[in-house]
Amino acid sequence: MKRTLIILFAAILGLTACNKFEKGEGDMTYKIYKSEGKPKIQEGDFIKFNGIQMIETKDGDSTLVNTYDNERPAFFPVTKSMFKGDLVSALKLLGEGDSASFKLNLDSMAKYSGQPKPAEAKNNYATFTVKIEKVLHKVANEADSVFENKKRDFYKAEYEVLIAKNKANEAAKIAKYIADNDLKITTTASGLNYIIEAPGNAVRAELTDTILVDYTGQFTNKKADGKINVFDTSNAGIAKEAGIYSPMAQYAARPLVLGQLPAGFAEGVKMIGIGGKIKIIIPSKLGYGENGGGPINPFTPLVFDIELKSIIKPNAVAAGNR
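Calculation notes
- Residues numbered from 1 in each chain as written.
- Predicted model: local features only at pLDDT ≥ 70, side-chain atom pairs only at ≥ 80, totals over all residues.
- Heavy atoms only, no water.
- UniProt positions renumbered as here; feature names shortened; annotations may be inferred.
- Salt bridge = Lys/Arg side-chain N within 4 Å of Asp/Glu carboxyl O.
- Helix = DSSP H or I, 4+ residues; strand = E, 2+ residues; numbered from the N terminus.
- Buried < 20%, exposed > 50% of the residue type's maximum accessible area, 1.4 Å probe, protein only.

An unreviewed UniProt entry lists the chain under the name peptidylprolyl isomerase, from Pedobacter agri. Under the heading Sequence similarities (unreviewed entry), UniProt records this for the chain: "Belongs to the FKBP-type PPIase family." What UniProt states about the chain under its Catalytic activity (unreviewed entry) heading is, verbatim, "[protein]-peptidylproline (omega=180) = [protein]-peptidylproline (omega=0)".

1. Considering the pattern of salt bridges
Summed over the entire model, instances satisfying the criterion amount to 19 salt bridges. Notably, a salt bridge pairs E56 with K122, separated by 3.9 Å at the nearest N-O pair. Highlighted residues: E56 in strand β3 (residues 46-57) and K122 in the loop between α4 (106-113) and β7 (125-136), separated in sequence by 66 residues. On the accessibility criterion, E56 (16% relative accessible area) is buried. Members of the salt-bridge network, linked through shared partners, are K48, K134 and E158.

2. Focus: unusual backbone geometry
Of note, the phi angle at E71 is positive, near 55°, even though the residue is not glycine. In this structure E71 comes out as partly exposed when scored by relative accessible area, which is 30%. Of note in the backbone geometry, D182 takes a positive phi value of approximately 50° without being a glycine. Along the chain, D182 falls in the loop between α5 (144-180) and β8 (186-187).

What follows is the structure in structure tokens.
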């Protein structure tokens, strides 16, 4: 792992890296950036944390998980260690407010988790850089049922904080994205922001039509490495660059029923004809709303770059299925 990236993670966490990695349990090594001196995490506790998981590849460092990019902290029940030097062993070195980096053995992680070792890994460890945001400690001899209720209340309260923060910041996120990218946008009555880059032909899609589109969807915030924060795309090259490429996905123009898409996406597509291109910035009320979905948090604005390749009428789809 390049030292520059470790320093970058320390900067993200508001820390200073001033000590070397030390030997921990098993094959695990660790570096403590900050210690608040609070009670250490124990088996049975429930924690909220932010973190980055990386591996080193022949092409450089690859980020597998980054909760900062997702703007969503992780919640983790601290169970028994699966092996000496696993993530639980590492977390037990920390308390609320603490932050550190750990290097964990990939072979052991694969063996005990059932998940395959990343094929692109250059060496045999993954680096986790974490900040413990909050710890819900399980009291000695506390009934499991009582603690389960506490965990549910804890998670609900923290999630409500996330929702309130997203709701309050949504308009500012959209404005910042537009300003940072110097976009000359037009806003519809519904609140959709758009730029038509190519109008296409005179044909327009209806909600009952199936559209064939190339698209890339991203969040308004950039990733920690400065790249655009893509969550979905039909373009293999963009998927690889964004670190979300899946060999199981089909990277090509995708057929989608227009009426089954988020309102903002459908509104944008209806503004262009075949061959047309449009960039849209969708407020959450025209996207995934107050509930979100998958990697999309509640009250999250989205950006889509769309190229309309074809429009297929319902009767044509039906005929093709005969």
